[in-house]
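# Observations on the model geometry
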Amino acid sequence: MIESPLLEKMTGYIGGRWTDNAQGHTFDVYNPATGKVIAQAASMTEDEVKAAVAAGKSALRLTSPYSIETRRKWLEDIRDALKANKEEVGRILCMEHGKPLHEAQGEVDYAAGFFDYCSKHIQALDAHTIPEKPKDCTWTVHYRPIGVAGLITPWNFPIGMIAKKLSAALAAGCPSVIKPASETPLTMIALFSLMDKHTDLPDGMVNLVMGKASVIGKVLCESPDVPMLSFTGSTEVGRKLILDTAEQVKKLALELGGNAPFIVFDDADLDAAADNLIANKFRGGGQTCVCANRIFVHEKVADAFGEKLAERVNKMTVGDGINGDVDLGPLINQAGYDKVKRHVEDALEKGASLVAGKKPEELGDDLFFPPTVVTGVNRDMCCYREETFGPLVPMALFRTEEEVIDAGNDTEFGLASYVFTGDAERAQRVAAGLRFGHCGWNTGTGPTPEAPFGGMKASGIGREGGLEGLFEFVEAQTVPRGF
Ligand code: NAP
């Protein structure tokens, strides 16, 4: 079992108190690298989730709002606590997620960056008076907290994803009820432990509920005291939340699935493109929403690029991230592993060739999937149409700019995309043509706290990060003054 000073409790946190399930119900948390149970966390009942919503409601202040200075201090305290405990939070994250330790600890820095950004820009949420005086009135615009927000996060970035939401919610003065993914609740408990010890957040301002998604989701969708849900996860669950909240017309911020095209033109720096693809594709074991999922390479450079890729992939090390400097950890669970295996099998059956990695029949029986490259991919293959969420690089060829823009857009998703070319005008045209919220030009980098990030099409609604993200949890109210 995992031992940590940040994991003294394994329970929810409601109204400023660690709160167990009344009947003692728990669920198991596994280390995917060893397959062993490392903790048992409390599974909350419907009544306990309702109590969390009520606690949030009691912390909401409308007529005497929390001042900008108070909110900034909360954000700074959380940032500082995360930075000071980066190693331990990263260790917990590594053990429940499986990503290499250096990546896990890097994710803690990334998370601290969102609290830092919001603390530095929170003044933008102050009221302002517009310079014009239409209708003989003085018009003031206020940014009111929307109310208690339900924050639901996935397992692939256990601290990064909550940081994006919670920093903006606290900046707005919104209490929250937070549900982590059942695979990775421990990092969230560690965050609550830090907030409990190192901040003076009012009781009820942050509440933690863990356990069955159906139970927690139902309360958050049905409660009239929760006017907003911010969700990161699959498009499938995002669609369900849209339907389940339609009756009450709740505000939804949705960060959903991706199917990122990574386009390499024949005038690209192929070494730089290969290095960026490796860094982008294999982060988190290939289990990130911004991972390149379809690699389009111009036919003139396809062989050369494939060789560069295979050379790099063959040097990668796979293993338990906690023990040393490995490049790739295990996949999160058996279902995730089986999906990647199915994508490789399907591609090979339909005519793709294996350039690096193992044939499906050579794979072991643990959750470590070797980095794999296949070429000759087309739109009939599962790896082209679905988000693989694993360490598979599927390469397809293209001839013209027009053709590759169409191919890139040939998906319901619109989250991240990448283009590698030495031609600036072409890069501008391709970025404008790709219906994706993020388009890296000669870089495979993903989101950052300073810039807005989010999806087009079925990849979501709203933005996290940047000033756009800072405004997600407020509602503008105009107060025209007549005399
Ligand atoms: P998921 O299955 O949709 O789960 C995400 C979260 O939603 C988990 O906490 C899950 O709880 C919860 N959930 C499931 N059903 C629910 C329901 N009916 N009501 C309320 N909550 C519910 O996604 P995942 O497998 O954890 O994450 C992978 C997906 O997230 C990928 O598609 C990836 O692209 C996407 N993602 C997107 C972004 C982005 O920024 N756009 C970032 C990261 C990940 P349980 O764990 O208890 O089931």
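Not measured: the values here are computed from a predicted model.

### Examining the overall build of the chain
A tally of helices and strands in the chain yields 15 helices and 22 strands. On C-alpha atoms alone, the chain measures out to a radius of gyration of 23 Å, which is about the 23 Å that the 2.2 N^0.38 rule sets for 483 residues. Principal axes of the C-alpha set define a box for the chain whose edges measure 70 × 60 × 40 Å. Relative to its full complement of 483 residues, the chain shows a buried share of 58%. In the chain, the proportion of contacts linking residues at least 24 apart, taken out of those at least 6 apart, comes to 73%. With the model as given, the accessible surface of the chain reaches about 19500 Å², and the carbon-plus-sulfur share is 50%. Of note, the chain has its 50 positive side-chain charges centred 4 Å away from the centre of its 67 negative side-chain charges.

### A look at the site of the ligand
Near the ligand you find 30 residues, and of these T153, S182, S234, L256 and E387 are the closest. The side chain of K179 places a nitrogen or oxygen atom 3.0 Å from an oxygen atom of the ligand. Take G233: an N or O atom from its main chain is 3.3 Å from an oxygen atom of the ligand. Expressed as a share of its isolated accessible area of 920 Å², the protein-covered part of the ligand is 86%. Broken down by secondary-structure element, the contributors of at least two residues to the shell around the ligand are α7 (213-222), β10 (228-232) and α8 (235-244). Residues belonging to the shell around the ligand are distributed by class as follows: 15 nonpolar, 10 polar and five charged.

### Side note on the pairing of strand β11 (residues 251-255)
Two faces belong to every sheet, and in a regular strand the side chains alternate between them. With four of its five residues buried, β11 lies for the most part within the structure. Summarising the sheet, β10 and β11 pair through five bridges and their orientation is parallel. Bridge pairing links T232 to E255 in β11. Each parallel crossover has a hand, and for β10 linked through α8 to β11 it is right-handed. Pairing of β11 with strand β21 (residues 460-461), which is carried by two bridges, proceeds in the antiparallel orientation. Residue pairing for β21: E255 is matched across the bridge by G460.

### Some details on the domain arrangement of the chain
For the chain, the assigned domains are domain 1 (12-256 + 459-482) and domain 2 (260-448). On a C-alpha basis, the centroid separation for the pair domain 1 and domain 2 is 31 Å. Carbon and sulfur atoms supply 60% of the area buried between domain 1 and domain 2, which totals about 2100 Å² over both sides. Ranking the residues of domain 1 by area buried against domain 2 places P32, W155 and S459 at the top, with a combined share of 23%. For the pair domain 1 and domain 2, the interface holds one salt bridge. A salt bridge links R239 to E412, with the shortest nitrogen-to-oxygen separation between them at 2.6 Å.

Reading the values: the criteria
Residues numbered from 1 in each chain as written. Predicted model: local features only at pLDDT ≥ 70, side-chain atom pairs only at ≥ 80, totals over all residues. Heavy atoms only, no water. Helix = DSSP H or I, 4+ residues; strand = E, 2+ residues; numbered from the N terminus. Rg over C-alpha atoms; globule rule 2.2 N^0.38 Å. Buried < 20%, exposed > 50% of the residue type's maximum accessible area, 1.4 Å probe, protein only. Contact = heavy atoms within 4.5 Å. Areas by Shrake-Rupley, 256 points an atom, 1.4 Å probe, with all protein chains shown as cover. Lys, Arg positive; Asp, Glu negative; His and termini not counted. Charge placed at Lys NZ, Arg CZ, Asp CG, Glu CD. Near = heavy atom within 4 Å. Polar contact = N/O pair within 3.5 Å; in protein donor to acceptor, adjacent residues only side chain to side chain. Nonpolar A, V, L, I, M, F, W, Y, C, P; charged D, E, K, R; others polar. Pairing = 2+ DSSP bridges. Right-handed = clockwise from strand over helix to strand, strands pointing away. Domains from an automatic or database assignment. Buried area = accessible area lost by both parts, 1.4 Å probe. Salt bridge = Lys/Arg side-chain N within 4 Å of Asp/Glu carboxyl O.

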